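# Fold and geometry: a report
Listed here are the chains, written in short residue letters.
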Amino acid sequence: MVGAYVVMLVTTAAGIVWQFVALNVPEWSASGDLGIDEVRWIFMGVAIPLDAAAVLSWLLVAIAVVKGGRPPRQSGLAPQPGNYPMVAQPGYPQPDPPAQQQPPSY
């Protein structure tokens, strides 16, 4: 689960940084260094890894949820506080009843 969160954080940070870098696209095209086709390739080259990382992080979350699921419930009595059974069950020793004291005779 920690790995999924790390991938999510890195992907989110990279996406935010990319938004600021993408603000310079008009300057790139105005300077004549890059044409529309090159800008499209750049955007695709950045978008595919970011989307793949996002899918990977959600896949890791799903795997962690499935593997970290609750243990199957057992039939029978519900567990009692302190994990002590209320009634004697097979396999548990029977408690000895308290000894009866005789009242003193005078």
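Attention in this report is confined to the structure presented alongside it. (Residues numbered from 1 in each chain as written. Predicted model: local features only at pLDDT ≥ 70, side-chain atom pairs only at ≥ 80, totals over all residues. Heavy atoms only, no water.)

### Some points on a nonpolar patch on the surface
A surface patch of nonpolar side chains, amounting to about 320 Å² of accessible area, comprises Leu-56, Leu-59, Leu-60 and Ile-63. Inspection of the secondary structure puts Leu-59 in helix α3 (residues 36–67). (Patch = residues over 30% accessible without salt bridge, like charges linked within 9 Å, V, L, I, M, F, W, Y side chains within 5 Å. Areas by Shrake-Rupley, 256 points an atom, 1.4 Å probe, with all protein chains shown as cover. Salt bridge = Lys/Arg side-chain N within 4 Å of Asp/Glu carboxyl O. Helix = DSSP H or I, 4+ residues; strand = E, 2+ residues; numbered from the N terminus.)

### A few points about the packing of helix α1 (residues 2–22) against α3
Close contact between α1 and α3 brings their axes to 8 Å; oriented N to C, the two are set at 160°. As summarised for this structure, α1 and α3 are arranged roughly antiparallel, according to the angle between their axes. Of the two possible hands of crossing, α1 and α3 adopt the one that is left-handed. Listed contacts from α3 to Gly-3, Ala-4, Val-7, Met-8, Thr-11, Ala-14, Gly-15, Trp-18 and Ala-22 of α1 are Ile-42, Phe-43, Val-46, Leu-50, Ala-53, Ala-54, Ser-57, Trp-58, Leu-60 and Val-61. Considered class by class, the residues forming the contact of α1 with α3 number 15 nonpolar, 4 polar and no charged. (Axes fitted to C-alpha atoms, helices over the stretch in contact; angles between N-to-C directions. Parallel < 35°, antiparallel > 145°, perpendicular 65-115°, else oblique. Left-handed = near helix turned anticlockwise from the far one by under 90°. Contact = heavy atoms within 4.5 Å. Nonpolar A, V, L, I, M, F, W, Y, C, P; charged D, E, K, R; others polar.)

### Let's talk about the side chain of Thr-11
Here Thr-11 lies in helix α1. Once you skip the residues sitting within four places of it in the chain, Thr-11 turns out to touch Leu-50, Ala-53 and Ala-54.

### Considerations on the packing of aromatic side chains
Counted according to the given criterion, the structure contains 1 aromatic pair. Judged by centre distance (5.1 Å) and plane angle (70°), the rings of Trp-18 and Phe-43 are edge-to-face. You can see Trp-18 sitting in helix α1 and its partner Phe-43 sitting in helix α3, a full 25 residues away along the chain. Judged by relative accessible area, which is 14%, Trp-18 ranks as buried. (Phe/Tyr/Trp six-rings, centres within 6.5 Å; stacked < 30°, edge-to-face > 60°. Buried < 20%, exposed > 50% of the residue type's maximum accessible area, 1.4 Å probe, protein only.)

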